[in-house]
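Remarks on the overall topology
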Amino acid sequence: MAEFPFEISPMFEGERVRKEGMFVELGGPKSLGLELVRAADMDAIEDDKVTIIGPDLKDMEEGKTYPWAMIFNIGGELVEPDLESVVERRVHDFINYCQGIMHLNQRYDVWMRVSKDTAAKMDSFEPFGKAVMMLFKTELPFIEKMQVTFYTDQAEVEKQMVTAKEIFKARDARTKDLRDEDVEVFYGCTLCQSFAPTNVCVVSPDRVSLCGAINWFDGRAAAKVDPEGPQFAIEKGELLDANTGEYSGVNDIAKKLSAGEFDKIKLHSFFDSPHTSCGCFEVVGFYIPEVDGIGSVSYTHLTLPTS
């Protein structure tokens, strides 16, 4: 788009900025990376404002890694706290629409890179922030006002991280006493199908989204405010297997949304028809036949590139 120094398009989703083409790295395995969305009163938001606390892009040294935090404030008549994590999950999409800016993961594991080509076209993160907010308000019209603060100062990022982890913990605790059998409806999410076309994410009280960012309450709020959006209700249907969490309604939606790749998904099974996956999970589990046990490995260790 003409008003921004880089191109903006869904075609850039999946773009990778390799080490040799990187100007700077933000967050990731070598540093701290965070993103957080907070609902706020309309009067407390200065629309489209971008604030940078710490070194701006022009002050950064090429090839270096910097701590990074993004705090977005959103406001609107329909905006409520239940929507925070739903909007937060879209940060991944909209940043990846920006040419030459790579975004991976979510919450407190954010990993970004800015390419040399894109950095050469701007000396500040301000146009990047304005572009992302423009995309949010275009795609999610219930957001009427929005502002963002970018933190690149180590002490400030550490401070924001402590606060954010408490917020994430409180969000996750909401479903602690709610179980799959207590509700009649689950929620689906297809946000990651641009990367993994056959992935069908099912969110239930006992199972958050694969990325870890959306729980059952978040899915309910998203489906309510944006009925045509990527989060939607799934009727549970008949309980086919209580031990593995197999439901006829989940199987029906799995077959439909995976283009027939899967005909069943068992929500709590490790071996038989396990839940599908994309690429945003935090931990990978694997079977160890020699000890008849389950091992796990951090997603970060699987994705850390050598270049």
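By the naming in an unreviewed UniProt entry, the chain goes by CO-methylating acetyl-CoA synthase and is assigned to Methanosarcina mazei. Taken verbatim from the UniProt record of the chain, the Sequence similarities (unreviewed entry) comment is "Belongs to the CdhC family." Looking at the chain in UniProt, the text filed under Subunit (unreviewed entry) is "Monomer. The ACDS complex is made up of alpha, epsilon, beta, gamma and delta chains with a probable stoichiometry of (alpha(2)epsilon(2))(4)-beta(8)-(gamma(1)delta(1))(8)."

What follows deals with the nonpolar core. Counting residues in hydrophobic clusters, the biggest one holds 44 residues, and the most contacted among them are Leu26, Trp68, Met70, Met112, Phe125, Phe128 and Phe136. Counting only elements with at least two residues in this core, the list comes to strand S1 (22-27), strand S5 (68-75), helix H1 (84-96), strand S7 (111-115), helix H3 (126-139) and strand S8 (145-151). It is H3 that provides the largest number of residues to this core, a total of seven residues. Each residue touching phenylalanine 125, except ones within four places of it in the same chain, is listed here: Leu26, Val50, Ile52, Pro55, Asp56, Leu57, Met60, Trp68, Val114, Phe150 and Thr152. Of all hydrophobic cores here, the second largest spans 18 residues; its members include Tyr187, Val202, Phe217 and Val250.

Across all of its chains, the model carries 14 salt bridges by this definition. Residue arginine 113 pairs with glutamate 25 through a salt bridge whose shortest N-O separation is 3.0 Å. Of this pair, arginine 113 sits in strand S7 while glutamate 25 is found in strand S1, placing the two residues 88 residues apart along the sequence. With respect to burial, arginine 113 and glutamate 25 carry one shared label: buried. Shared partners join several salt bridges into a network, and the residues in it are Arg38, Glu84, Glu88 and Arg171.

What follows covers the sheet that holds S7. The four strands are arranged S4-S1-S7-S6 in an open sheet whose pairing can be described as mixed. The open sheet has two edge strands with one neighbour each: strand S4 (65-66) and strand S6 (101-104). Summarising the sheet, S1 and S4 pair through two bridges and their orientation is parallel. Note that in S4 the partner of leucine 26 across the bridge is tyrosine 66. Together, S6 and S7 form the strand contacts of H1, whose direction differs from that of S6 by roughly 155 degrees.

Rules behind the numbers
- Residues numbered from 1 in each chain as written.
- Predicted model: local features only at pLDDT ≥ 70, side-chain atom pairs only at ≥ 80, totals over all residues.
- Heavy atoms only, no water.
- UniProt positions renumbered as here; feature names shortened; annotations may be inferred.
- Core = buried A, V, L, I, M, F, W, Y, C linked by side-chain atoms within 4.5 Å.
- Buried < 20%, exposed > 50% of the residue type's maximum accessible area, 1.4 Å probe, protein only.
- Helix = DSSP H or I, 4+ residues; strand = E, 2+ residues; numbered from the N terminus.
- Contact = heavy atoms within 4.5 Å.
- Salt bridge = Lys/Arg side-chain N within 4 Å of Asp/Glu carboxyl O.
- Pairing = 2+ DSSP bridges.
- Axes fitted to C-alpha atoms, helices over the stretch in contact; angles between N-to-C directions.

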